[in-house]
Amino acid sequence: MLTFKEAQEMVDAWIGQFAEGYFPPLLMLARLTEELGEVARVLAHRHGKTPKPGEEEGDLAMELADLLFVLISLANREGIDLEEAFLKAMEKYRKRDSARWTPKELE
């Protein structure tokens with residue numbers, strides 16, 4: 001299984017081979033928005049919106065992967081360890097939201 005650290009290293013190696021390097025933060029924000037829009041389009045097609053003639057539904061897995069690539073790129077540019085940040089976020093959700101929903105019964 002690929003870790004966040006490994007994914008961040010892979011993205012950094014890919015981008016590091018080009019002189020331009022990482023995009024500036026606001027351009028990455030625009031790219032995140034663009035990729036999120038593509039995720040939204042696929043979901044809309046799957047759940048009610050009729051695609052235009054000749055327009056394909058799209059590949060949700062690939063659109064999510066594109067979104068993840070840009071998110072990892074932004075984290076790398078800003079020096080954020082996503083693994084550490086994700087673990088902190090999960091701890092926050094465990095503490096804050098553990099009683100928010102109805103737990104499933106154990107079988």
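Note that this is a predicted model, so its numbers are computed, not measured.

Parameters at a glance
- Residues numbered from 1 in each chain as written.
- Predicted model: local features only at pLDDT ≥ 70, side-chain atom pairs only at ≥ 80, totals over all residues.
- Heavy atoms only, no water.
- Helix = DSSP H or I, 4+ residues; strand = E, 2+ residues; numbered from the N terminus.
- Rg over C-alpha atoms; globule rule 2.2 N^0.38 Å.
- Buried < 20%, exposed > 50% of the residue type's maximum accessible area, 1.4 Å probe, protein only.
- Contact = heavy atoms within 4.5 Å.
- Lys, Arg positive; Asp, Glu negative; His and termini not counted.
- Charge placed at Lys NZ, Arg CZ, Asp CG, Glu CD.
- Expected span 1.5 Å × (residues − 1).
- Polar contact = N/O pair within 3.5 Å; in protein donor to acceptor, adjacent residues only side chain to side chain.
- 1 Å grid on protein atoms, 1.4 Å probe; cavity = no way out; pocket = protein on both sides within 12 Å on 5 of 7 lines; lining within 4 Å.
- Points joined across faces, edges and corners; volume = space filled by probe spheres on them.
- Nonpolar A, V, L, I, M, F, W, Y, C, P; charged D, E, K, R; others polar.
- Axes fitted to C-alpha atoms, helices over the stretch in contact; angles between N-to-C directions.
- Parallel < 35°, antiparallel > 145°, perpendicular 65-115°, else oblique.
- Phe/Tyr/Trp six-rings, centres within 6.5 Å; stacked < 30°, edge-to-face > 60°.

1. Description of the overall build of the chain
The helix and strand inventory of the chain stands at four helices and zero strands. Helices and strands in the chain line up, N terminus first, as α-α-α-α. In terms of overall size, the chain is more extended than a compact globule, its C-alpha atoms giving a radius of gyration of 18 Å where 107 residues would be expected to give roughly 13 Å. With respect to the principal axes defined by its C-alpha atoms, the chain has extents near 55 × 45 × 30 Å. When each of the 107 residues of the chain is scored for burial, the buried share is 19%. Sequence-distant contacts, at least 24 apart, represent 63% of the contacts inside the chain between residues at least 6 apart. Looking at the chain, you have 14 positive and 21 negative side-chain charges, and the mean spots of the two groups are 7 Å apart.

2. Details of helix α4 (residues 82–97)
Residue pairs three or four apart in sequence face the same way in an α-helix, which turns once every 3.6 residues. Relative to the 22 Å expected for 16 residues at 1.5 Å per residue, α4 spans 21 Å between its end C-alpha atoms, a close match to the ideal helical length. Its side-chain oxygen at 3.0 Å from the backbone nitrogen of E83, D81 defines the N-terminal cap of α4.

3. Regarding the layout of surface pockets
In this structure, the largest pocket occupies an estimated 180 Å³ of space. Mapped onto the lining of the largest pocket, the elements with two or more residues apiece are α1 (4–16), α2 (25–46) and α3 (60–77). For the lining of the largest pocket, the residue count by class is seven nonpolar, two polar and two charged.

4. Remarks on the packing of α1 against α3
With their axes 9 Å apart at the nearest point, α1 and α3 run at an angle of 85 degrees to one another. If you check the angle between α1 and α3, you find them roughly perpendicular. Of the residues in α3, those in contact with A7, Q8, V11, D12, W14 and I15 of α1 are F69, I72, S73, A75 and N76. The residue inventory of the contact of α1 with α3, partitioned by class, reads seven nonpolar, three polar and one charged.

5. Notes on the packing of aromatic side chains
For the structure shown, the criterion picks out two aromatic pairs. On the basis of an interplanar angle of 45 degrees and a centroid distance of 5.2 Å, the ring pair of F4 and F86 is categorised as tilted. Placement of F4 in helix α1 and of F86 in helix α4 is noted, with a sequence separation of 82 residues between them. Classification of F86 by relative accessible area gives partly exposed; the value is 40%. Aromatic pair W14 and F18: ring centres 5.1 Å apart, planes at 75 degrees, arrangement edge-to-face. Residue F18 is classed as partly exposed on the basis of its relative accessible area, which comes to 39%.

Limitation: the analysis is restricted to geometry and does not speak to function.
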